[in-house]
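# Results of the structural survey
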Amino acid sequence: MAEIKDRENALIMDTTQGQVVIELYPDLAPGHVARIKELAREGAYDGVVFHRVIDGFMAQTGDVKFGKTGSKDFNPGRAGMGGSDKPDLKAEFSNANHGRGACSMARAQNPNSANSQFFICFDDASFLNRQYTVWGQVIEGMENVDKIKRGEPVQDPDKIVSLKVAADVAA
């Protein structure tokens, strides 16, 4: 596994395509990092599908309401329309680049509407810079992100099997 400098600020995401390690950026996006870690520690992301995956752009997931397989509200037709029961987040835009492996928060038109959904960039998406909050970077397993099934919506989507803060996993 990748060398993780700060286990409290790294995520281990097991997907149906393999493991992905994400370094978090608490200095850049403290509110977003805190929310991702809070939801991860609650198990909210476990079983959530990648509902919108666009080749050459990004893989989106994190709808913990309608996108969580096995939950009472799971609805593949509505995946991508929900979030958590927590309040929306204030934007934390920065000059961080939306390059390959960048992890950024999805949102609606309102810049302060990010909640639980996020995306991982396949390629350069710098046109999103300063409009979406970058909160992390894939440091290992990008080849597994590359294997995620494409679609809008995705038929028989891949999913997050588990998303854990590295500090909570035996090293």
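Criteria and cut-off values
Residues numbered from 1 in each chain as written. Predicted model: local features only at pLDDT ≥ 70, side-chain atom pairs only at ≥ 80, totals over all residues. Heavy atoms only, no water. UniProt positions renumbered as here; feature names shortened; annotations may be inferred. Helix = DSSP H or I, 4+ residues; strand = E, 2+ residues; numbered from the N terminus. Contact = heavy atoms within 4.5 Å. Disulfide = S-S within 2.5 Å. Salt bridge = Lys/Arg side-chain N within 4 Å of Asp/Glu carboxyl O. Buried < 20%, exposed > 50% of the residue type's maximum accessible area, 1.4 Å probe, protein only. Core = buried A, V, L, I, M, F, W, Y, C linked by side-chain atoms within 4.5 Å. Polar contact = N/O pair within 3.5 Å; in protein donor to acceptor, adjacent residues only side chain to side chain. Expected span 1.5 Å × (residues − 1).

For the protein chain, the name recorded in an unreviewed UniProt entry is Peptidyl-prolyl cis-trans isomerase, with Aquamicrobium terrae as its organism. Under the heading Function (unreviewed entry), UniProt records this for the protein chain: "PPIases accelerate the folding of proteins. It catalyzes the cis-trans isomerization of proline imidic peptide bonds in oligopeptides." In its Catalytic activity (unreviewed entry) section, the UniProt entry covering the protein chain states "[protein]-peptidylproline (omega=180) = [protein]-peptidylproline (omega=0)".

### A few points about the overall build of the protein chain
Of the regular secondary structure elements, the protein chain holds two helices and eight strands. Counting only C-alpha atoms and orienting by the principal axes, one finds that the protein chain spans roughly 35 × 35 × 30 Å. Pairs at least 24 apart in sequence give 67% of the contacts found in the protein chain among residues at least 6 apart.

### Considerations on the state of the cysteines
Counted according to the given criterion, the structure contains zero disulfides. Here cysteine 121 stays free of any disulfide, with the sulfur of cysteine 103 as its closest cysteine sulfur at 8.1 Å.

### Let's talk about the pattern of salt bridges
Evaluation of the coordinates by the stated rule reveals 14 salt bridges. Between lysine 72 and aspartate 73 there is a salt bridge; the shortest N-O distance is 3.1 Å. Judged by relative accessible area, which is 26%, aspartate 73 ranks as partly exposed. A salt bridge links aspartate 158 to lysine 149; its shortest N-O distance comes to 3.6 Å.

### Notes on the nonpolar core
Residues Leu11, Met13, Ile22, Tyr45, Phe118, Ile120 and Trp135 are the most contacted members of the largest nonpolar core, which totals 33 residues. Only strand 1 (10-15), strand 2 (18-24), helix 1 (30-42), strand 5 (102-105), strand 6 (118-121), strand 7 (134-140), helix 2 (142-146) and strand 8 (160-165) provide two or more residues apiece to this core. The greatest single-element share of this core, amounting to four residues, is contributed by helix 1. In this structure, Phe119, Cys121, Ala125 and Leu128 belong to the second largest nonpolar core, which totals eight residues.

### Focus: the UniProt feature "domain: PPIase cyclophilin-type" (unreviewed entry) in the protein chain
Taken from the UniProt record, the annotation "domain: PPIase cyclophilin-type" (unreviewed entry) applies to residues 7-171. Secondary structure across residues 7-171 comprises 11% helix and 25% strand; the distance between its end C-alpha atoms is 9 Å.

### Focus on the environment of glutamate 92
With respect to the helices and strands, the residue glutamate 92 is situated in the loop between strand 4 (58-61) and strand 5. On the basis of relative accessibility, which here comes to 17%, the residue glutamate 92 falls in the buried class. Separated by 64 residues in sequence, glutamate 92 and leucine 28 place their C-alpha atoms 7.5 Å apart. Residues within four places of glutamate 92 in sequence aside, it is in contact with Leu28, Ala29, Pro30, Gly31, His32 and Thr133. Within the local environment of glutamate 92, its side chain forms a polar contact with the backbone nitrogen of glycine 31, the two atoms lying 2.9 Å apart.

### Some thoughts on helix 1
For helix 1, with 13 residues, the first-to-last C-alpha span of 18 Å sits near the 18 Å given by 1.5 Å per residue. Restricting attention to buried positions, one finds in helix 1 the residues His32, Val33, Arg35, Ile36, Lys37, Leu39 and Ala40. For helix 1, the secondary structure elements touched by its buried residues are strand 1, strand 2, strand 5, strand 6, strand 7 and strand 8. Two residues or fewer past helix 1, glycine 43 is found with a positive phi of approximately 80°.

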